[in-house]
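Structural overview
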Amino acid sequence: MITAVIPTLNEKNNIYKISRKLHKIKIISEVIFVDDNSQDKTYEEIKKIKSKKFRGFLRKSKKKDLSKSVVLGVSKARNKIILVMDSDLQHDANYINEMWRKFIQNDYDIIVASRFLEKNFFGNVGFLRSLISISAISLINLLFGKKTSDPLSGFFICKKSLINKYKSRFFLKGYKILFDILYNGKKNILTKDFGIDFKKRKFDQSKFNFHIIRLFLDQMIYTKFLDKK
């Protein structure tokens, strides 16, 4: 069974919708929302969910940090397999069952829901954002080697141990926890891409901005000079 860990920040209008979708997926026995001290009462919306399958936690730090929210959620998880996804409905829950099947059939460490496989090169995220992401991925491949077609994805299934065992080596700042798992964690990690269509956001606002870009540049610098011994 799977624990879904969902970091949230000002996603009040999406909580009911994503919880309804995840409630129907039988392989998910637990859903953990970790709210990053939202200002729109997202956490209050999470607390309205009347189901033992769902739990909510609040990070009260003034510094918003998706990576720390994910790590907190994983530390509370009861299952050994973790699904990480956003609450903004851009990650389609209909893919989860097939991702799970590929994961258990081949004993991968991680299944990455990729926006950038050959058939979907521009990732459904708009031209400018796609260009920024593709440029960043090309730089990642050059500096660190290719492990997936989308190391910036926020939608993946992995073994809980990949996070709990190696988190002391992670950069743990910003929004790219998958990059930490792939490049600052387990050596010889066994990955598999799963092609997805990335949906357009319908409610609330994207968090993508230049602050996120700067944090990720810092993360790459940290990773480049991290002692790998």
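Please read all numbers here as calculations on a predicted model, not as lab measurements.

1. Focus: the overall build of the protein chain
- Looking only at helices and strands, the protein chain features eight helices and seven strands.
- Taking all 229 residues of the protein chain together, 52% fall into the buried category.
- Of the accessible surface of the protein chain, which amounts to about 11,800 Å², a share of 54% is contributed by carbon and sulfur atoms.

2. Remarks on the packing of aromatic side chains
- Taken as a whole and judged by the stated rule, the model has eight aromatic pairs.
- Judged by centre distance (5.8 Å) and plane angle (75°), the ring pair of Tyr-95 and Phe-194 falls under edge-to-face. With Tyr-95 in the loop between β4 (81-84) and α4 (96-106) and Phe-194 in strand β7 (residues 191-195), this residue pair connects regions lying 99 residues apart in the sequence. Summarising the burial analysis for this pair, Tyr-95 and Phe-194 share the class buried.
- For the ring pair Phe-179 and Tyr-183, a centre distance of 4.9 Å and an interplane angle of 35° mean the geometry is tilted. In this pair, Phe-179 and Tyr-183 are both assigned in helix α7 (residues 177-183), four residues apart and thus about one turn of the helix distant.

3. Examining the nonpolar core
- Grouped together as the largest cluster of nonpolar side chains are 36 residues, with contacts concentrated most on Ile-110, Ile-140, Phe-156, Ile-177 and Ile-181.
- With six residues, the single largest contributor to this core is α7.
- If sequence neighbours within four positions are ignored, Phe-156 has contacts with Ile-82, Leu-83, Val-84, Met-99, Ile-110, Ile-111, Val-112, Ile-177, Leu-178 and Ile-181.
- Ile-6, Ile-25, Ile-81 and Ile-111 belong to the second largest nonpolar core, which has 31 residues in total.

4. Examining the sheet that holds β7
- Taken in spatial order, the seven strands make up an open sheet running β3-β2-β1-β4-β6-β5-β7, and their pairing is mixed. The open sheet is flanked by β3 (54-58) and β7, the only strands paired with a single partner. The mean inter-strand angle of the sheet, taken between neighbouring strand axes irrespective of direction, is 25°.
- Pairing analysis gives three bridges linking strand β5 (residues 110-114) to strand β6 (residues 156-159), with the strands arranged antiparallel. Bridge assignment links Ile-111 to a residue of β6, and that residue is Ile-157.
- Together, β1 (2-8), β2 (28-35) and β3 form the strand contacts of helix α1 (residues 12-23), whose direction differs from that of β2 by roughly 160°.

5. Re the pattern of salt bridges
- All told, the structure shown has 11 salt bridges when counted by the stated rule.
- In this structure, Glu-30 and Arg-55 form a salt bridge, with 2.6 Å as the shortest nitrogen-oxygen distance. Taken as a pair, Glu-30 in strand β2 and Arg-55 in strand β3 lie far apart in primary sequence, 25 residues in all.
- Between Lys-68 and Asp-65 there is a salt bridge; the shortest N-O distance is 3.4 Å.
- Since its relative accessible area comes to 6%, Asp-65 is described here as buried.

6. What about a nonpolar patch on the surface?
- A surface patch of nonpolar side chains, amounting to about 280 Å² of accessible area, comprises Leu-139, Leu-142 and Leu-143.
- By secondary structure assignment, the location of Leu-142 is in helix α5 (residues 127-144).
- A relative accessible area of 69% means that Leu-142 is categorised as exposed.

7. Thoughts on α4
- Of all the residues in α4, the buried ones are Ile-96, Met-99, Trp-100 and Phe-103. Looking straight down α4, one finds that the buried residues subtend no more than 100° of arc, so they occupy a single side.
- Taken from the residues just after α4, Asp-107 is the one with a positive phi, measuring 55°.

8. Concerning α1
- The first and last C-alpha atoms of α1 sit 18 Å apart over 12 residues, in line with the 16 Å expected at 1.5 Å per residue.
- Asn-14, Ile-15, Ile-18, Ser-19 and Leu-22 are the residues of α1 that are buried. One side of α1 holds all its buried residues, which, seen down the axis, span an arc of 130°.
- Elements that come into contact with the buried residues of α1 comprise β1, β2, α2 (42-47), β3 and α4.

9. Describing the side chain of Lys-160
- With respect to the helices and strands, Lys-160 occurs in the loop between β6 and α6 (161-164).
- For the buried Lys-160, which has no salt bridge, the nearest side chain bearing the opposite charge is Glu-30, at an N-O separation of 7.3 Å.
- At 3.1 Å, the side chain of Lys-160 and the backbone oxygen of Ala-77 are in polar contact.
- Those residues within four positions of Lys-160 in sequence are excluded, and the remaining contacts are Val-74, Ala-77, Arg-78, Asn-79, Lys-80 and Ile-82.

About the criteria used
- Residues numbered from 1 in each chain as written.
- Predicted model: local features only at pLDDT ≥ 70, side-chain atom pairs only at ≥ 80, totals over all residues.
- Heavy atoms only, no water.
- Helix = DSSP H or I, 4+ residues; strand = E, 2+ residues; numbered from the N terminus.
- Buried < 20%, exposed > 50% of the residue type's maximum accessible area, 1.4 Å probe, protein only.
- Areas by Shrake-Rupley, 256 points an atom, 1.4 Å probe, with all protein chains shown as cover.
- Phe/Tyr/Trp six-rings, centres within 6.5 Å; stacked < 30°, edge-to-face > 60°.
- Core = buried A, V, L, I, M, F, W, Y, C linked by side-chain atoms within 4.5 Å.
- Contact = heavy atoms within 4.5 Å.
- Pairing = 2+ DSSP bridges.
- Axes fitted to C-alpha atoms, helices over the stretch in contact; angles between N-to-C directions.
- Salt bridge = Lys/Arg side-chain N within 4 Å of Asp/Glu carboxyl O.
- Patch = residues over 30% accessible without salt bridge, like charges linked within 9 Å, V, L, I, M, F, W, Y side chains within 5 Å.
- Arc of directions from axis to C-beta.
- Expected span 1.5 Å × (residues − 1).
- Lys, Arg positive; Asp, Glu negative; His and termini not counted.
- Polar contact = N/O pair within 3.5 Å; in protein donor to acceptor, adjacent residues only side chain to side chain.

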